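Residue-level structural notes
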Amino acid sequence: LMLPETFNAIYGNTNNPFDLSRTPGGSSGGEGALVAACGSPLGLGTDVGGSIRIPAVFNGICGFKPTNDRLSYKGISVPRLNNESGQREVKSSPGPLGRCVADLETMMQAMCCEGVYAADLTLPPLPWDRGAYEAAAAAPKLRFGYYVHDGWFAPSPACERAVLETVEALRAAGHEVVPFEPTELAGGVQTFLAIVAADGNFRGFVDGIEGEELHPTYSFLQAVACIPGWLRPIIAFVQRRLLGQPRLAKLVLAGGGKTAHEYWQTIAMRDRLKKAFLARYEKAGLDALLCPGLGVPPFSHGKSVKLNQACSYTFVYNNFNLPAGTVPVTTVKPSEQYYRDDANPDSITSTAIKDSASTAGLPVGVQVVGLPWREERCLGAMKIVEGALRAAGHVPPTPPSA
């Protein structure tokens, strides 16, 4: 549950229906694979860093992460000791997966109802406003912002093309689309990583397995988490100044345990970044924001340990607590089976370069981001994106087995 992949020691790997050698994403990867392969009409996942949107993108379907506390958490387990977690700054959000945006809206309508509010008194009573969704979905002209690079992980050629083709389709459908500078997003990713690692030494996960052996795939992350605090600045200096690996240096500094004061400072920094981001979003007059669904196509089994940073495109919107969903766009072309990021010559980039081989035909999609508590408008904008893509001749990808 800590990586964008789906596996365990009992059942082994869950496979991507487009290519069995690749992952369907995670942690809700089983739902994503089943929906994509027509084994289930709808799915329900939870998303703390992209665990709904990553499986949706990797399996060529739609997924939606609402604002935290829009949907009930009753009955949802927590991978921590005694099924309890005190980490509240980046909360996991339940949400739907489906083959189209209408499926997601049906699920949201069902889960935002009086019966749910009567059963869970902790929820704000905010019933689904279908009129607001329909108004946004039928709007003759919306204003979208877009970016293709978040400043942390360079997108693969196919992931970048998915955004640009969506921009073209929206403009052809009569909508306004303008560039948006992702100024705060790299900082948003770093503070996300710092917040979720603040307990130090992988403590929450080790406690949560209650004496069982940690799955070997997590050994690298645990080793990074257990680097002593005094050693981190030294390692970061070597990586940044001597090895020319600034991203890894930032990861080492972000990934350590923190005192309460350091934790509060990290949260304050995150809140400043979020405030600045939302101010620019509002000043630009946007109805929604477009970006890559992920930085790379579905990766090979076991590669999520290094390539989890490709999920920076989803991490940041958990950290900023904004509603966000994904829409499938296209598949990787044979000419796009490569990766390049000259600004980050590190082990993450080298893994992405090697894993880009044999990715032709794998699905890629875009992410649509809205404003807090405006799930209806965000899903309506996703419906607009879906309709514009289909009008432009884009057919949602279907796995060979479906």
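First, a word on what this report is: a plain description of the structure on this page. Worth saying up front: this structure is predicted, and the values here are computed from it rather than measured.

1. Some details on the packing of aromatic side chains
Tallied over the entire structure, the rule returns 10 aromatic pairs. Ring geometry for Phe202 and Phe205: centres 5.4 Å apart, planes at 25°, overall stacked. Residue Phe205 is classed as buried on the basis of its relative accessible area of 17%. In this structure an aromatic cluster arises from ring pairing among Phe180, Phe277, Tyr281, Tyr317 and Phe320. For the cation-ring pair, Arg80 lies above Phe205, with the distance from its terminal atom to the ring centre recorded as 4.0 Å. One residue, Lys306, lies across the ring of Phe220, its end atom 5.3 Å from the ring centre.

2. Side note on the packing of helix α7 (residues 185-196) against helix α14 (residues 312-319)
Between α7 and α14, whose axes approach to 8 Å, the crossing angle comes to 75°. In terms of orientation, α7 and α14 fall into the roughly perpendicular class. Judged by residue contacts, Leu185, Gly188, Val189, Thr191, Phe192, Leu193 and Ile195 of α7 engage Ser312, Phe315, Val316, Tyr317, Asn318 and Asn319 from α14.

3. Overview of helix α3 (residues 101-111)
Residues of α3 that are buried include every one of Val101, Leu104, Glu105, Met107, Met108 and Met111, and no others. Each buried residue of α3 sits inside an arc of 160° when the element is viewed along its axis, so together they form one side.

4. Re the pairing of strand β6 (residues 143-146)
Two elements, β6 and strand β7 (residues 176-179), share 4 bridges in a ladder whose sense is parallel. Of the residues in β7, the one forming a bridge with Phe144 is Val177. Relative to strand β8 (residues 288-292), β6 is paired through 3 bridges, and the arrangement is parallel. Considered in β8, the bridge of Tyr146 is made with Leu290.

5. Describing the pattern of salt bridges
Oppositely charged side chains are able to pair whenever their charged atoms sit close together. Under the definition given, this model contains 20 salt bridges. Ionic pairing is found between Arg390 and Glu386, a salt bridge with its closest N-O pair at 3.7 Å. Taken together, the residues Arg390 and Glu386, both in helix α16 (residues 375-391) and 4 residues apart, mark about one turn of the helix.

So, how was this worked out
- Residues numbered from 1 in each chain as written.
- Predicted model: local features only at pLDDT ≥ 70, side-chain atom pairs only at ≥ 80, totals over all residues.
- Heavy atoms only, no water.
- Phe/Tyr/Trp six-rings, centres within 6.5 Å; stacked < 30°, edge-to-face > 60°.
- Buried < 20%, exposed > 50% of the residue type's maximum accessible area, 1.4 Å probe, protein only.
- Lys NZ or Arg CZ within 6 Å of the ring centre and 35° of its normal.
- Axes fitted to C-alpha atoms, helices over the stretch in contact; angles between N-to-C directions.
- Helix = DSSP H or I, 4+ residues; strand = E, 2+ residues; numbered from the N terminus.
- Parallel < 35°, antiparallel > 145°, perpendicular 65-115°, else oblique.
- Contact = heavy atoms within 4.5 Å.
- Arc of directions from axis to C-beta.
- Pairing = 2+ DSSP bridges.
- Salt bridge = Lys/Arg side-chain N within 4 Å of Asp/Glu carboxyl O.

Structural measurements only, silent on function.
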